[in-house]
Amino acid sequence: VQLVESGGGLVQPGGSLRLSCTASGFTFSSYAMSWYRQAPGKGRELVATITSAGGSTNYADSVKGRFTISRDNAKNTVYLQMNSLKPEDTAVYYCNWSHYWGQGTQVTVSS
């Protein structure tokens, strides 16, 4: 199993980023996928989850209304669209399936 994230970077407050996670080694379309994040000095936090067909999503209260999780099962890819970014969104963002994790992608929100 491999989960490869991309799309992180430095963005100003109020800006947007879209993270991508491309999966391989399992039947992607059969499983829910999640995004987590870990800020410096803090534990890993669940950000968003999407069901296998994309029909249902759940979000942490801290990102509701600003972040959108989606997926393209034809591309084995899950996305996290992040809008209205805040400095407190600064973290390493990880893609997750079962007990597998990607390498993470750094998101820094700063002016």
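About the cut-offs
Per chain, residue numbering runs from 1 following the sequence as it is written. This being a predicted model, a pLDDT of at least 70 is required before a residue's local features are given, and a value of 80 or more before pairs of side-chain atoms are given or counted; all residues contribute to the totals for chains, interfaces and linings. Derived side-chain values reflect all non-hydrogen atoms in the structure, with water molecules and hydrogen atoms excluded from consideration. Numbering goes from the N terminus for both helices and strands, where a helix is a DSSP run of H or I of at least four residues and a strand is a run of E of at least two. N or O atoms closer than or at 3.5 Å make up a polar contact, with two conditions inside protein: a donor-capable atom paired with an acceptor-capable one, and, for residues adjacent in sequence, both atoms drawn from side chains. Two residues qualify as a contact provided that any one of their heavy atoms is within 4.5 Å of a heavy atom in the partner residue. The nonpolar core is taken to be a set of buried Ala, Val, Leu, Ile, Met, Phe, Trp, Tyr and Cys residues, with the residues joined through side-chain atoms within 4.5 Å. Exposed residues in this analysis have more than 50% of their type's maximum accessible area, buried residues have under 20%, and partly exposed residues fall in between, with area computed by a 1.4 Å probe over protein chains only. A cavity here means a set of points on a 1 Å grid, drawn over the protein atoms and nothing else, where a 1.4 Å probe fits but cannot get out; a pocket is an open set with protein on both sides within 12 Å along at least five of seven lines, and a residue lines either one if it has an atom within 4 Å of a point. Grid points are joined across faces, edges and corners, and a volume is the space filled by probe spheres set on the points. Think of it as three bins: nonpolar holds Ala, Val, Leu, Ile, Met, Phe, Trp, Tyr, Cys and Pro, charged holds Asp, Glu, Lys and Arg, and polar takes everything else, Gly as well. Two strands are counted as paired when DSSP detects at least two bridges linking them. Note on geometry: axes are lines fitted to C-alpha atoms, helical ones only across the stretch in contact, with angles between N-to-C directions running from 0 to 180 degrees.

1. Some details on the side chain of T105
Link 1 in the chain: By the element assignment, T105 lies in strand β11 (residues 105–109).
Link 2 in the chain: A polar contact of 3.1 Å, which involves the side chain of T105, links it to the backbone nitrogen of G8.
Link 3 in the chain: Among residues more than four places away in sequence, those in contact with T105 are E5, S6, G7, G8, L19, A91, V92 and Y93.

2. Some details on the nonpolar core
Link 1 in the chain: Judged by nonpolar contacts, the single largest core of 28 residues is most densely connected at M33, W35, V78, L80, M82 and Y93.
Link 2 in the chain: Elements supplying a minimum of two residues to this core: β3 (17–24), β4 (33–38), β5 (44–50), β7 (67–72), β8 (77–82), β9 (91–97) and β11.
Link 3 in the chain: For V78, the residues in contact, after removing those within four places along its chain, are L19, S20, C21, F28, M33, W35, I50, I69, S70, R71 and C95.

3. A few points about unusual backbone geometry
Most peptide bonds take the trans configuration, and most residues that are not glycine carry a negative phi.
Link 1 in the chain: Although it is not a glycine, S84 sits at a positive phi angle of roughly 50 degrees.
Link 2 in the chain: Along the chain, the position of S84 falls in the loop between β8 and β9.
Link 3 in the chain: The phi angle at S98 is positive, at roughly 55 degrees, despite the residue not being glycine.
Link 4 in the chain: Looking at where S98 falls in the secondary structure, it is placed in the loop between β9 and β10 (100–101).
Link 5 in the chain: By relative accessible area, which is 48% here, S98 ends up partly exposed.

4. Examining the layout of surface pockets
Link 1 in the chain: When its volume is computed, the largest pocket comes out at roughly 160 Å³.
Link 2 in the chain: Taken together, R37, Q38, A39, K42, G43, E45, P87, E88, T90 and A91 make up the lining of the largest pocket.
Link 3 in the chain: Split into classes, the residues belonging to the lining of the largest pocket amount to three nonpolar, three polar and four charged.

5. What about the environment of P40?
Link 1 in the chain: Considering the arrangement of structural elements, one finds P40 in the loop between β4 and β5.
Link 2 in the chain: C-alpha of P40 to C-alpha of T77: the two residues are 37 residues apart in sequence and 27 Å apart in space.

6. Let's talk about the environment of F67
Link 1 in the chain: With respect to the secondary-structure elements, F67 resides in strand β7.
Link 2 in the chain: Taking the relative accessible area as the measure of exposure, F67 reaches 3% and is therefore buried.
Link 3 in the chain: Considered as a pair, F67 and M82 are 15 residues apart in the sequence and their alpha carbons are 4.5 Å apart.
Link 4 in the chain: Those residues in contact with F67 that lie beyond four places of it in its chain are R37, V47, Y59, L80, Q81, M82, N83, L85, D89 and Y93.

7. Focus on the sheet that holds strand β1 (residues 2–6)
Link 1 in the chain: If you walk across this open sheet you meet the four strands as β1-β3-β8-β7, and the pairing is antiparallel. Sheet topology places β1 and β7 at the edges, where each strand pairs with a single neighbour. Between one strand and the next, the sheet's axes are offset by a mean angle of 15 degrees, whatever the strand orientation.
Link 2 in the chain: Inspection of the sheet shows β7 paired to β8 by six bridges, in the antiparallel sense.

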